[in-house]
Amino acid sequence: MKKSALVFSALVFVLFLAVFAAGCAQQEDVPLPDQADEKGSVPLTNLGYEKGPARKVIIDTDSGADDASALIFAAKSENLDILGVTVLAGNVGLEQASKNALMALQIAGSDAPVYEGEPVNFLEEEIEAYSVYGEDGMGDAGLVDPLGKAEDGDAVEFILESARKYPDELEIISLGPATNIAKAIEKDRDAMKKIKKIWSMGTAGLGVGNATPVAEFNVYADPEAYKVMLDSGINITIVGLDMCRGEAEWTNAQFRQLEKENDIGKFVSRSFTKLREFYEANGSPESVTNCDGLAMACAIYPDFVKKTIKCHGSCMTDRGETRAQVIFYQKGFIYDGMLSDELDYNVELAAEVDKPAFFDLYLEAIQ
Ligand SMILES: [Ca+2]
């Protein structure tokens, strides 16, 4: 071989090595699913939650920002057929709650009707709205200006009509105080007993409260109503605060992702502005809970709930420190202080959900 041919071959070999090395380096830059961003986002197609036939639901909501995100989640899901949205005071007053629900549905492209409940609790006392989501419940970000209006009909009547029309089929997803549901039970217990299931975002679960050390906000806003709901004999699955904490929380990076995704993502992200400020001021600047969104994930994808515990749930209604605490007696657990096991095991308590998949499922839904 001539010297020039040798030099040429050597150059080709060196060039090949350089290209190969660059290729390897590039491959190393691509994050593997288990190395992807801070929360380990994995390709959405691998989440494994299948779409099923649409189930008839009513969403009962006090329409703060997390309710709005949950309404959008439901409206964008093929698994749910939203017969209507019933609103009540809680995070904000009734009129504002109604506007927020209408706005969320509008953003999601849903024409589900909205019905207003009464602005008073089960004891007919005015509900004092308290929101960590800002004055308008939507982050005070100038987002709320819906085109639509609430229906003339009453929320409680709409729940009852739907329960009678779809016995053993209708599910209610409760994202606020239980006032509307309890009033419906009081008016027609038999019709309400035909509700297939109530999904309740409420109670501290097996963790600590947020309204008090033992009470969660939705129950605390109307414990008498929650007690009526628990004692009704309706099939209830409870998603407590413990399920939406920790890995289920949305991080700052994920809010940036929402902002970049599309107009729905921007709307949801901005509605959480005040809540994120609240968390930051209270020493938790990295992530926030989205309890109503998480409860909605449980309702949309029943497989998202990995474990439930059959319990007797007992709601405290005294005016002392334990007001609105819900005590869970777990079926099969031997309590030293209990003489008998003759309890009505009236709830399924969510004990494990697929927390890491929550945000990815949400992002997939709003495409
Ligand atoms: Ca709520």
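Bear in mind the structure is a predicted one, so any value in this text is a computation, not a measurement.

Conventions we followed
- Note on numbering: residues in each chain are counted from 1, in written sequence order.
- The model is predicted, so local features are restricted to residues of pLDDT at least 70 and side-chain atom pairs to those at 80 or more, both for listing and for counting; the totals for chains, interfaces and linings are taken over all residues.
- Put simply, DSSP H or I for four residues or longer makes a helix, DSSP E for two residues or longer makes a strand, and each gets a number counted from the N terminus.
- Whether a residue is buried, exposed or partly exposed is read from the other C-beta atoms within 10 Å of its own C-beta, which are placed from the backbone; 20 or more gives buried, 12 or fewer gives exposed, and intermediate counts give partly exposed.
- Two strands make a pair as long as DSSP finds a minimum of two bridges between them.
- Interaxial angle, 0 to 180 degrees, is taken between N-to-C directions of lines fitted to C-alpha atoms, where a helix line uses only the stretch in contact.
- With C-beta atoms placed from the backbone, a contact is any residue pair whose C-beta atoms sit within 7 Å.
- The arc in question is the one spanned by the directions pointing from the helix axis to the C-beta atoms.
- What a helix should span is 1.5 Å times the count of its residues minus one.
- As used throughout, a nonpolar core is a set of buried Ala, Val, Leu, Ile, Met, Phe, Trp, Tyr and Cys residues joined through C-beta atoms within 7 Å of each other.
- The score called pLDDT rates the predictor's confidence residue by residue, from a low of 0 to a high of 100.
- Each angle gets one of four labels, with under 35 degrees taken as roughly parallel, over 145 as roughly antiparallel, 65 to 115 as roughly perpendicular, and the rest as oblique.
- Left-handed describes a crossing whose near helix is turned anticlockwise from the far helix through less than a right angle; right-handed describes the clockwise counterpart.
- Ten residues, namely Ala, Val, Leu, Ile, Met, Phe, Trp, Tyr, Cys and Pro, are considered nonpolar, four, namely Asp, Glu, Lys and Arg, are considered charged, and the remaining ones, Gly among them, are considered polar.

A short note on the overall build of the protein chain
- The helix and strand tally for the protein chain stands at 14 helices and 11 strands.
- Counting only residues that meet the buried cut, the protein chain has 47% of its 367 residues in that class.

What to know about the sheet that holds strand S10 (residues 326-330)
- Pairing is mixed in the open sheet, where nine strands are placed in the order S3-S2-S1-S4-S5-S6-S11-S9-S10. Each edge of the sheet is formed by a strand with only one pairing partner; in this case those strands are strand S3 (114-116) and S10. The sheet shows a mean angle of 30 degrees between the axes of neighbouring strands, direction not considered.
- As judged from the seven bridges shared by strand S1 (residues 55-61) and strand S2 (residues 80-87), these two strands associate in the parallel manner. Residue pairing in the sheet places Ile-59 in a bridge with Val-85 of S2.
- Here helix H3 (residues 94-108) sits on the sheet and contacts S1, S2 and S3; the angle it forms with S2, its principal contact strand, is near 160 degrees.

Notes on helix H4 (residues 155-165)
- For H4, the set of buried residues is Ala-155, Val-156, Phe-158, Ile-159, Ser-162 and Ala-163. Taken end-on, H4 shows its buried residues confined to a sector of 165 degrees, consistent with a single buried face.
- Against the buried residues of H4 lie S1, S2, S3, helix H5 (179-187) and helix H6 (189-192).

Here we look at H3
- When the terminal C-alpha atoms of H3 are compared, their 21 Å separation across 15 residues agrees well with the 21 Å that a helix rising 1.5 Å per residue should span.
- With 13 of 15 residues buried, H3 is to be regarded as a mostly interior element.
- Note on H3: the residue one or two positions beyond its end, Gly-109, has a positive phi of about 75 degrees.

Observations regarding the nonpolar core
- Judged by nonpolar contacts, the single largest core of 112 residues is most densely connected at Leu-71, Ile-72, Ala-74, Met-229, Leu-294, Ala-295 and Cys-298.
- Broken down by element, this core gets its largest block of residues, nine residues, from H3.
- Ignoring any residue separated from it by four or fewer positions in sequence, one finds Cys-298 in contact with Trp-199, Val-239, Phe-304, Val-305, Ala-350 and Val-353.

Topic: the confidence of the model for the protein chain
- Overall, the prediction assigns the protein chain a mean pLDDT of 87, with 86% of residues at 70 or greater.
- Ignoring residues within four places in sequence, the model shows residues 11-46, a span with pLDDT below 50, making 18 contacts including any to other chains.

Details of the pairing of strand S5 (residues 197-201)
- With four of five residues buried, S5 lies mostly within the body of the structure.
- Where strand S4 (residues 171-174) meets S5, four bridges bridge the pair, whose relative direction is parallel. Considered in S5, the bridge of Ile-173 is made with Trp-199.
- As judged from the four bridges shared by S5 and strand S6 (residues 236-239), these two strands associate in the parallel manner. Bridged to Trp-199 within S6 is Thr-237.

Things to note about the environment of Lys-310
- Within the secondary structure layout, Lys-310 lies in strand S9 (residues 305-315).
- We classify Lys-310 as partly exposed; it has 14 C-beta atoms within 10 Å.
- For the pair Lys-310 and Asn-346, spaced 36 residues apart in the sequence, the C-alpha separation amounts to 7.6 Å.
- Those residues in contact with Lys-310 that sit more than four places away from it in its chain are Lys-331, Tyr-345 and Glu-348.

Points about the packing of H4 against H5
- Where H4 meets H5, the closest approach of the two axes is 9 Å, and the angle between their N-to-C directions is 60 degrees. It follows that H4 is oblique to H5 by the angle criterion. Along this stretch, H4 crosses H5, giving a crossing that reads as right-handed. Together, Ala-155, Val-156, Ile-159 and Leu-160 of H4 and Asn-180, Lys-183, Ala-184 and Lys-187 of H5 make up the contact between the two elements.
- Residue classes in the contact of H4 with H5 are distributed as five nonpolar, one polar and two charged.

Remarks on unusual backbone geometry
- The residue Ser-63 is not glycine, and still its phi comes out positive at about 50 degrees.
- Among the secondary structure elements, Ser-63 is positioned in the loop between S1 and helix H2 (65-75).
- When the 36 C-beta atoms within 10 Å are taken as the criterion, Ser-63 is described as buried.
- Unusually for a residue other than glycine, Asp-168 sits at a positive phi of about 60 degrees.

Remarks on the environment of Glu-124
- Within the fold, Glu-124 resides in the loop between S3 and H4.
- In sequence terms Glu-124 and Thr-179 are 55 residues apart; their C-alpha atoms lie 9.9 Å from each other.

Describing the packing of H2 against H3
- Running from N to C, H2 and H3 point in directions that differ by 35 degrees, and their axes come no closer than 9 Å. The way H2 lies across H3 gives a crossing that is right-handed. Residues Ala-68, Leu-71, Ile-72 and Ala-75 of H2 pack against Asn-100, Ala-101, Ala-104, Leu-105, Ile-107 and Ala-108 of H3.
- A per-class count over the contact of H2 with H3 returns nine nonpolar, one polar and no charged.

As for the environment of Ala-215
- Among the secondary structure elements, Ala-215 is positioned in the loop between S5 and helix H7 (217-221).
- Ala-215 sits 26 residues away from Leu-241 along the chain, and the two C-alpha atoms are 9.9 Å apart.
- With near-sequence residues (within four places) excluded, Ala-215 lies in contact with Gly-209, Tyr-220, Arg-323, Ala-324 and Gln-325.

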